[in-house]
Amino acid sequence: MAVVDDPLERLLTPAALEDPSAVYADLRDNSPVYWHQGIDSWIVSRFDDCALVMKDDARFACDERRFEGTASQSVGIPVELLSLQSLDPPESGPLRSLLARGLRAQITREFERNLAARVERVVSRRAGREFDFVAEFTVPIVLGSIEEILGVEPMEPSWFSGIADAVTAAMDSPLRPELHEPGVAARGVLSEMVEGWFSQPPSGGLLGYLAKNRDSEKVDRRILVNSVRAILHAGYESMNSAVNLAMAALLDAPGGLAALPDGRSDPALQELVRFTSPVRIEGRVPLADTVLGGQRITAGSFVTMIIGAANRDPARFERPDELDLARTGNPHLGLGRGPHACIGTQLALTQMRVVFATLARLRPTAALVGRPDYRCTATIRGIDRMVVAFD
Ligand code: HEM
């Protein structure tokens, strides 16, 4: 199959950062499964192929140790680097179940009330003003949520967002090798912080829960620390992107925030995740030679899924490039699928419901001032700055 001029690079042009639909369509139509020489990986963009790779963990692995010795890219992974994200079933089972129970226990009425109160406070201070929604609203709101979920003391928002953004940027290092080292350093800062929390765990939150319940599942402490670091990072960064991208999509749509059905319907939130696809690239490794989308791919070669393109696939979604807040039967892949599906799904949807219901109630006429400044990243989409006017 011919390699087109680099569509991954084209995702990073200003027009595609704001509206990637044309690049997604080009990928799906012309190169649905192709070998990308630059990043040494297959690129997969149609819904059915991406859904299959996510679901079929017998054929497609996250855990690189499963194909060690047979694969071109295989490396021994020391236990220090293992986490929920790199373990597959059945090994991941006890860890996933412990973390899922711990997270579920934190999503309480009190958590929702506290979040709504924080949103109300930020909104009331900005009445009649134009302000940067990203720095003044989303960053403190989302950081406050993950701090409460973990049970830790407040951190300085601009310091933390700098560290978290460097880890996110490094996910693009196959395309931008210079981002790798700063990302490793930033991840080290997060690891050290989480390690400190494990040494002196708070009484409440997920950390308090794990201190009390960890032994029941006999999970390796280092793997647990890395998994909590992943929860801290994704809980902040994926959520930050999701809230900003959803806000931009809503303010661009006819009716703005007032058009949100009741401000809290689950189909509307699912549609916002599908349409914006904040986490748009994920990877797996085939354990045996296999055929994907008619293309023969070899064991151990990397497979990169463009979730954003899959979520706009007309073979699966009617009018895929339209934000339809009443859309039902919406099997999008924006929160993953299968054994590595987002463990924060319930937390993410709860936060989006509370945030947008509160914003729609208090500021239904909120409007964009100018265009958002979209973040120049491929793996996780995002917005760096977005001026919003409140009445
Ligand atoms: C709307 C916001 C969010 C989006 C769009 C999102 C998206 C995703 C996606 C697509 C995956 C699947 C990755 C894969 O298949 O390899 C994933 C996994 C994950 N997410 Fe989220 N996420 C969000 C919020 C959160 C939150 C709030 C947390 C905090 C608990 C979180 C923690 C994680 C973790 C730890 C994983 C790895 C799971 C595993 O590999 O088994 N995410 N997320």
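Rules used throughout
Residues numbered from 1 in each chain as written. Predicted model: local features only at pLDDT ≥ 70, side-chain atom pairs only at ≥ 80, totals over all residues. Helix = DSSP H or I, 4+ residues; strand = E, 2+ residues; numbered from the N terminus. Rg over C-alpha atoms; globule rule 2.2 N^0.38 Å. Buried ≥ 20, exposed ≤ 12 C-beta atoms within 10 Å, placed from the backbone. Contact = placed C-beta atoms within 7 Å. Near = placed C-beta within 6 Å. Nonpolar A, V, L, I, M, F, W, Y, C, P; charged D, E, K, R; others polar. Expected span 1.5 Å × (residues − 1). Axes fitted to C-alpha atoms, helices over the stretch in contact; angles between N-to-C directions. Parallel < 35°, antiparallel > 145°, perpendicular 65-115°, else oblique. Left-handed = near helix turned anticlockwise from the far one by under 90°. Pairing = 2+ DSSP bridges. Core = buried A, V, L, I, M, F, W, Y, C linked by C-beta atoms within 7 Å.

The protein chain is annotated in an unreviewed UniProt entry as Cytochrome P450 of Actinomadura namibiensis.

Trainee: Whenever I open this one, the overall build of the protein chain confuses me. Can you help?
Mentor: Regarding its fold elements, the protein chain presents 14 helices and 12 strands. Taking 2.2 N^0.38 as the reference for a compact globule, 391 residues should give roughly 21 Å; the C-alpha atoms of the protein chain span a radius of gyration of 21 Å, in line with that estimate. The principal-axis extents of the C-alpha atoms in the protein chain amount to approximately 60 × 50 × 40 Å. Residue burial in the protein chain is summarised as follows: out of 391 residues, 42% are buried. For the protein chain, long-range pairs separated by at least 24 residues make up 73% of all intrachain contacts whose partners lie at least 6 apart in sequence.

Trainee: Looking at this structure, I do not really get the site of the ligand. What am I missing?
Mentor: Neighbouring the ligand are 25 residues, the closest being Gly 235, Ala 242, Gly 336, Cys 342 and Gly 344. If one sorts the elements of the shell around the ligand by residue count, helix 11 (residues 221–252) sits on top with 7 residues. Considered class by class, the residues forming the shell around the ligand number 17 nonpolar, 7 polar and 1 charged.

Trainee: Please clarify how helix 11 should be interpreted in this entry.
Mentor: Residue pairs three or four apart in sequence face the same way in an α-helix, which turns once every 3.6 residues. Compared with an ideal rise of 1.5 Å per residue, which puts 32 residues at 46 Å, helix 11 spans 46 Å between its outermost C-alpha atoms and is within 8% of the ideal. In terms of burial, helix 11 is largely enclosed, as 25 of its 32 residues are buried.

Trainee: So what exactly am I meant to see when it comes to the packing of helix 6 (residues 109–124) against helix 14 (residues 345–362) here?
Mentor: Angle between the axes and distance between the axes: these two values describe a pair of packed helices. Where helix 6 meets helix 14, the axes come as close as 10 Å, and the angle between the chain directions of the two elements is 40°. Put simply, helix 6 runs oblique to helix 14. Considering how the two elements wind past one another, helix 6 and helix 14 form a crossing that is right-handed. Contacts between helix 6 and helix 14 involve Glu 112, Leu 115, Ala 116, Val 119, Glu 120 and Val 123 on the former and, on the latter, Thr 350, Gln 351, Val 354, Val 355, Thr 358, Leu 359 and Leu 362. Split by residue class, the contact of helix 6 with helix 14 holds 8 nonpolar, 3 polar and 2 charged.

Trainee: Sorry, what's going on with the packing of helix 7 (residues 133–150) against helix 8 (residues 157–170) here?
Mentor: The N-to-C vectors of helix 7 and helix 8 enclose an angle of 85°; their axes lie 10 Å apart at closest approach. Relative to helix 8, helix 7 is oriented roughly perpendicular. Touching Val 139, Pro 140 and Leu 143 of helix 7 are Pro 157, Phe 160 and Ser 161, all from helix 8. Per-class residue counts for the contact of helix 7 with helix 8 are 5 nonpolar, 1 polar and no charged.

Trainee: Which parts of the structure should I look at to understand the sheet that holds strand 2 (residues 41–44)?
Mentor: Strands belonging to one sheet form pairs held by backbone hydrogen bonds; the direction of such a pair is parallel or antiparallel. Sheet architecture is open: 5 strands sit in the order 1-2-8-5-3, paired in mixed fashion. The strands lining the two open edges of the sheet, one partner per strand, are strand 1 (33–36) and strand 3 (60–61). When strand 1 meets strand 2, the two strands line up antiparallel, connected through 4 bridges. The residue bridging His 36 from the neighbouring strand is Ser 41, located in strand 2.

Trainee: I would appreciate a short explanation of the sheet that holds strand 9 (residues 367–368) in the present structure.
Mentor: Taken in spatial order, the 3 strands line up as 4-12-9 in an open sheet, and their pairing is antiparallel. Across the chains shown, the open sheet's two edge strands, defined by having one partner strand only, are strand 4 (130–132) and strand 9. As judged from the 3 bridges shared by strand 4 and strand 12 (residues 387–389), these two strands associate in the antiparallel manner. When the bridges of strand 12 are listed, Asp 132 appears paired with Val 387. Sitting on the sheet, helix 7 touches strand 4 and strand 12, and the angle it makes with strand 4 is about 60°.

Trainee: What should I look at first to understand the environment of Phe 131 in this one?
Mentor: If you trace the backbone, Phe 131 turns up in strand 4. Judged by the 17 C-beta atoms lying within 10 Å of it, Phe 131 falls in the partly exposed class. Sequence separation of Phe 131 and Glu 318 is 187 residues, and the distance between their C-alpha atoms is 36 Å. Setting aside chain neighbours within four positions, we find Phe 131 in contact with Arg 126, Glu 136, Val 387 and Val 388.

Trainee: Help me understand the nonpolar core, please; the structure alone is not making it clear to me.
Mentor: Side chains that are nonpolar tend, in soluble globular proteins, to be buried together. Among the nonpolar cores identified, the biggest contains 105 residues, and Val 44, Cys 50, Met 305, Ile 306 and Met 352 are the most heavily contacted of them. Among the elements that take part in this core, helix 11 stands out by supplying 16 residues, more than any other. If we ignore the near neighbours within four places in the chain, the residues touching Val 44 are Val 33, Asp 49, Cys 50, Val 53, Leu 292, Gly 293, Val 303, Thr 304, Met 305 and Ile 306.

Trainee: Would you take a moment to explain the environment of Ala 15 for this structure?
Mentor: Among the secondary structure elements, Ala 15 is positioned in helix 2 (residues 14–18). Between the alpha carbons of Ala 15 and Tyr 374 there is a distance of 9.5 Å; along the sequence they are 359 residues apart.

Trainee: How do you make sense of unusual backbone geometry when you look at a structure like this?
Mentor: Backbone geometry follows two general trends: most residues other than glycine have a negative phi, and most peptide bonds adopt the trans configuration. Residue Pro 90 is bonded to the preceding Pro 89 through a cis peptide linkage, with omega at 5°. With respect to the element layout, Pro 90 can be found in the loop between strand 3 and helix 5 (93–104). Its identity as a non-glycine residue notwithstanding, Ser 277 has a phi of 40°, on the positive side. Mapped onto the fold, Ser 277 is located in the loop between helix 12 (266–276) and strand 5 (281–286). Owing to 26 C-beta atoms within 10 Å, Ser 277 belongs among the buried residues under this scheme. With phi around 40°, Arg 319 is a residue other than glycine that occupies positive phi space. Take Arg 319: it is sitting in the loop between helix 13 (307–310) and helix 14.

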